[in-house]
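Okay, here's what each chain looks like letter by letter:
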Amino acid sequence: MKSLKHLADKPWERKGIIGGLRPEGAFDTAPAKVALGFFLIVATIIFSLFTISYFIRMELPDWRPLGEPGQLWLNTGLLALGSVVFQLARNKVGRGENRNVFALFLAGGLCTLAFIVGQIMVWSDLMAGGVYLAPNPAASFFYLLTGVHIAHLLGGLWVWSMTSIRLASGKEPKDVRLSIETCTLYWHFLLVVWLVLFAILSNT
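Residues numbered from 1 in each chain as written. Predicted model: local features only at pLDDT ≥ 70, side-chain atom pairs only at ≥ 80, totals over all residues. Heavy atoms only, no water.

A. Expanded view of a nonpolar patch on the surface. Residues Phe 38, Ile 41, Ile 45, Leu 49, Ile 52 and Ile 56 make up a contiguous nonpolar surface patch of about 630 Å² in total accessible area. We classify Leu 49 as exposed; its relative accessible area is 51%. (Patch = residues over 30% accessible without salt bridge, like charges linked within 9 Å, V, L, I, M, F, W, Y side chains within 5 Å. Areas by Shrake-Rupley, 256 points an atom, 1.4 Å probe, with all protein chains shown as cover. Salt bridge = Lys/Arg side-chain N within 4 Å of Asp/Glu carboxyl O. Buried < 20%, exposed > 50% of the residue type's maximum accessible area, 1.4 Å probe, protein only.)

Below you can see the structure in the form of structure tokens.
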């Protein structure tokens, strides 16, 4: 009877540990970081396609280079400063320190907001000088590339604002460590993207 009962067992219906092994996740990383990694891959592909299209389009005879607005240098410095400040906040949290973490994290986002305002000022100056989307494909690509970059920054600022609110409401930096780390990685990525775009837009 015992052997017959064993044959009637349904092991797939058993609950608990199977074969003495504990279940493990597919990634030894926080889900938020895995999701960020996939998103960065997609964003890299998008910016790469835009860049390839830019170089292909500039070979046509109606392409008229815009030159380099001086404001872009200041804007680049602001974005780089924001990335550095985010890294300082991340380092402090990693060491278990609480002092000035919120101030540094807040400053990183404010530098980014200043960068965005600076980019809009560049757009305004170009339009005041008669540089619009339609007549010149170089202008169209300038607005497109800088606009897509700003859109990605705005998405990051939404996460930054939620994290800043939690810190301002009394949350310990260690409680939002993951958000601080993902924001820092995201800002480093967007800084690298901008440096590439800046080099392309400045030399063509």
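B. Highlighting the pattern of salt bridges. For the structure on display, the rule yields five salt bridges. Between Arg 57 and Asp 62 there is a salt bridge, and its shortest N-O distance comes to 2.7 Å. Overall, Arg 57 belongs to the partly exposed group, its relative accessible area being 22%. Among the salt bridges present, the one from Glu 97 reaches Lys 92, with a minimum N-O distance of 3.1 Å. One network of salt bridges, in which partners are shared, links Lys 33, Arg 177 and Glu 181.

C. The arrangement of helix α3 (residues 71–94) in detail. Taking 1.5 Å of rise per residue, 24 residues should cover 34 Å, and α3 covers 35 Å from first to last C-alpha, within 8% of that figure. Those residues of α3 that sit buried are Leu 72, Asn 75, Thr 76, Leu 79, Gly 82, Ser 83, Val 85, Phe 86, Ala 89, Lys 92 and Val 93. Gly 96 sits one or two positions beyond α3 and adopts a positive phi of about 80°. (Helix = DSSP H or I, 4+ residues; strand = E, 2+ residues; numbered from the N terminus. Expected span 1.5 Å × (residues − 1).)

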